[in-house]
Amino acid sequence: MNIIYSDALIIGGGLAGLRSAVATAEKGNKTIVLSMCPVRRSHSAAAQGGMQASLGNSKMSEGDNEDVHFADTVKGSDWGCDQEVARMFCQTAPKAIRELASWGVPWTRITKGDRSAIINAQKTTITESEEVHGLIHSRDFGGTKKWRTCYTADATGHTMLFGVANRCAQLGVDIRDRKEAIALIHKDGRCYGAIVRDLITGELDAFVARATMIATGGYGRIYKHTTNAVICEGIGAAIALETGVAQLGNMEAVQFHPTPIVPSGILLTEGCRGDGGILRDVDGHRFMPDYEPEKKELASRDVVSRRIMEHIRKGKGVKSPYGEHVWLDISILGREHIEKNLRDVQEICQIFNGIDPADTELDENGIGKGWAPILPMQHYSMGGIKTKPTGESPTLKGLFSSGEAACWDMHGFNRLGGNSVAETVVAGMIVGDYMADFCLENEIDIDTKFIQSFVDKENDYITKLINSDGKYNIFEIKNKMKDIMWEHVAIFRTGEGLEKAVKELEELYKESLNIKISNKERFGNPELEEAYRVPKMLKLALCVAKGALDRTESRGAHYREDYPKRDDANWLKRTLASWKDGDTMPTLTYEPLDIMKMEMPPAFRGYGAKGNIIEHADSAKRQKEVDETKERLKAEGKGRYEIQDALMHYELQPKFKAPNQRVGVGNE
Amino acid sequence: MSRKITIKAFKYNPLSKISKPHFNTYELEETSGMTLFVALNQIRENFDPDLSFDFVCRAGICGSCAMLVNGKPQLACRTLTKDYEDGVIELMPLPVFKLIKDLSVNTGEWMAAMNSRVESWIHTTKVTDISKQEEKVDPELAQKTFELDRCIECGICVAACGTAIMRNDFIGAVGLNRIARFRVDPLDERTDEDFYELVGDDSGIFGCMSLLGCEDQCPKHLPLQNQIAFIRRKMASVK
């Protein structure tokens, strides 16, 4: 047995893991990062649009600050988020982006003078002052009051990832790729590291650490159609679940994006519709105005996704070898506009589908040659490993989580665009720093015999898998799971469908324990890798499906056709899932969110259907309290920081809680 | 409209005592818009669960899946089967990099060494206070830096390079582009003398034979030859 010791062990080499590694290494902790792929290939690289941070630099973001960002985030979450965490996040985001700039991320900068922009389909001129020339720019995104999304062209995630990876290289963080954690080592409610499989040699090692972090991203690959990279299988969350001690939060909260291209699932940016692109059905008819006469294609992400699926259900979808889809038509914007402003979209359409989206010609059936086939697909996992605001599991000491793998819980039931890539680095800073302190304060007190027992258990498991001579094929089980999730646990959910899904998934889970493996090698064996991953994925799928079945309301991305209202009276609570060894179904419990402690009590979001809320009595009560406190403190001449603190105090490291300086307003 | 296509994939596991290098041939039904990502996954699920290959983003963003497709290094995820008229596609792993198995090579190890050699991070004496307004950067310089920051380390420029195939310590266009990227970045305080210390020899800037394979094959269309020529001129004039 090989035991590798470190102070901090970080599983996952995307932005959240790498930024956390910087935090632990900066405090002098020996830090190891494990990653399934070279870290610069992580799914973080795929984030295009940008990162929200309330710098308030450019003309269109004037007046922005943490308060505005906070309100947008809480509304976006459909009041499902932890408001203290949302506050921690909004306060730290401007610092995160400024830090990344100092590490070399080449943020797009503001040029002084006039520039033209399209706002509400009107050509508009925006004038930037001399004072902001050279500061970080920001663009418009859905669900935000100000233009807050900072970016590097359309490759924001890539440049951020390389910037943070460069910083890790500078600090000498020990990064080991092609390593996969397959179990956590734990005893008496304390985590001691992980059993790790080398994806080249197949060897199992024990990585033992003072603190362990899971930052392995989301679980989109449990769905048939997803924008996620192929490594986003949720294995990190699953091994936390398999401890039986750590819990997963809000696993049923899964976001869908309206316009990935079919069949590859690669995103075509929301900018296509923002610039005036339209959706068409099998007859070439523009259908969105029929459903959403006001906002049309520019209703919120969840609404557009639902309308597309509704229309396909009515028989208006386009049949293809990859299932039904609708069309995204940007050819109406003209070739010049596309080749200048939607260059990447054009390239994706050309390379992956062999079509030129600027082509305005119609074929013999009246279908545009340049129309892109699109279908809403799974996009983001709001759920994950439940953590405290410090990022530590409340039930398994020494286990931390950050990024999409975590339910830190700033997204609640719906995440705003630009807040995910921001969360990775902000959580990396905050949670990474708490983890660094944990490492400094805690010893490793575990004997090697105990570690050996964990290695033996996993070794025996792998041996059993290799020798398995059962009935079922693991690839077939995986594909069936993806079909079930897509069919019954996706954009529209009903009690009937979910019940069916839960039953079938449980059956599949049992089958996954009775498979036949044809390849008997211990290494270089993709079939073996599927064999130990798929049962883990099925456990996650069951958490999602069962959580969705039991949650008899609609909140954010979780939409129940049989319960279309947001039910604050009964469901303003977080779902917690755990898994007992030997069970074939998760155990669900609930943790209520206390309205009387909220800075922003539940109300109408400002978009979507109005009056669709079953209210909680405390909402009005708390709102009154909040209004009175605000008024009183304002009359006393208190500033916005003092008022905020009186409404909802939150803990945050002083270096992150410090006020953020902005052009024209200083620290106000 | 659909046709049968033939995929010949190189197979070899260097860690196995019994494995011998050979090609396996697979026949499959082509579907519309089929990429090598789709094809290879079908092969693994239906014909050969042992076949190893690397994909992560499958969208041309991460650079994992570079391999030789009928002899040319390119991203498999962005390769459409319909572009091969006779329907026969031969796949081999990238040269230069250490073979892991079949079509999978260890670019991670190679790139980590490159990043360490060129000290791929901002060198500055300034201390940043992250609560304060960020340092201003000329928008055009930021854009120029970004254009060179777009490299995804797929390894195609290395696999397409005559020098890299002959000498294993050559830094490749990816490494030289990284030098160019930090050289243009106004935040990096390194001088040409500093960069000379890193790449001022035959395993660096003077090893390039200007065969243009790197730029010809670069999936991100980076201006590699211009950058290499410019750095060579700068490095040659370092006293």
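Under the annotation held in an unreviewed UniProt entry, chain B carries the name Fumarate reductase iron-sulfur subunit and is attributed to Campylobacter corcagiensis. Under the UniProt heading Sequence similarities (unreviewed entry), the entry covering chain B gives this text: "Belongs to the succinate dehydrogenase/fumarate reductase iron-sulfur protein family." Under Subunit (unreviewed entry), UniProt gives the following word-for-word description of chain B: "Part of an enzyme complex containing three subunits: a flavoprotein (frdA), an iron-sulfur protein (frdB), and diheme cytochrome b (frdC)."

As annotated in an unreviewed UniProt entry, chain A is Fumarate reductase flavoprotein subunit from Campylobacter corcagiensis. You can read under Catalytic activity (unreviewed entry) in the UniProt record for chain A the words "a quinone + succinate = fumarate + a quinol". Within the UniProt record for chain A, the comment given under Cofactor (unreviewed entry) is "FAD".

Residues and elements named next belong to chain B. The five strands are arranged 2-1-5-3-4 in an open sheet whose pairing can be described as mixed. The outermost strands of the open sheet, each flanked by one partner alone, are strand 2 (22–29) and strand 4 (72–75). Here the strands of the sheet are splayed against their neighbours by 35° on average, with no regard to which way each runs. Of the strands in this sheet, strand 1 (4–11), strand 2, strand 3 (66–69) and strand 5 (88–92) are in contact with helix 1 (residues 36–46), which crosses strand 2 at around 105°.

Here the focus is the pairing of strand 16 (residues 377–381) of chain A. Residues and elements named next belong to chain A. Burial analysis of strand 16 places five of its five residues in the buried class, which makes it a mostly covered element. Of the strand pairs in this sheet, strand 12 (residues 254–257) and strand 16 are connected by four bridges, and their pairing is antiparallel. Bridged to His257 within strand 16 is Met377.

All names here are of chain B. As assigned here, chain B comprises domain 1 (4–104) and domain 2 (119–125 + 137–236). Averaged C-alpha coordinates put domain 1 and domain 2 at centres separated by 29 Å. Taken residue by residue, the interface counts 14 residues in domain 1 and twelve residues in domain 2. A buried area of about 970 Å², summed over both sides, lies between domain 1 and domain 2, and 69% of it is on carbon and sulfur atoms. Interface area lost by domain 1 to domain 2 is led by Pro73, Val96 and Phe97, which between them contribute 41%. Counting every contact that joins domain 1 to domain 2 gives zero salt bridges. Counting across the domain 1 and domain 2 interface gives one residue pair in polar contact (both at pLDDT 80 or more). With four residues, strand 4 is the single largest residue contributor to the side of domain 1 that touches domain 2.

Rules of the game
Residues numbered from 1 in each chain as written. Chains lettered and ligands numbered in written order. Predicted model: local features only at pLDDT ≥ 70, side-chain atom pairs only at ≥ 80, totals over all residues. Heavy atoms only, no water. UniProt positions renumbered as here; feature names shortened; annotations may be inferred. Pairing = 2+ DSSP bridges. Helix = DSSP H or I, 4+ residues; strand = E, 2+ residues; numbered from the N terminus. Axes fitted to C-alpha atoms, helices over the stretch in contact; angles between N-to-C directions. Contact = heavy atoms within 4.5 Å. Buried < 20%, exposed > 50% of the residue type's maximum accessible area, 1.4 Å probe, protein only. Domains from an automatic or database assignment. Buried area = accessible area lost by both parts, 1.4 Å probe. Salt bridge = Lys/Arg side-chain N within 4 Å of Asp/Glu carboxyl O. Polar contact = N/O pair within 3.5 Å; in protein donor to acceptor, adjacent residues only side chain to side chain.

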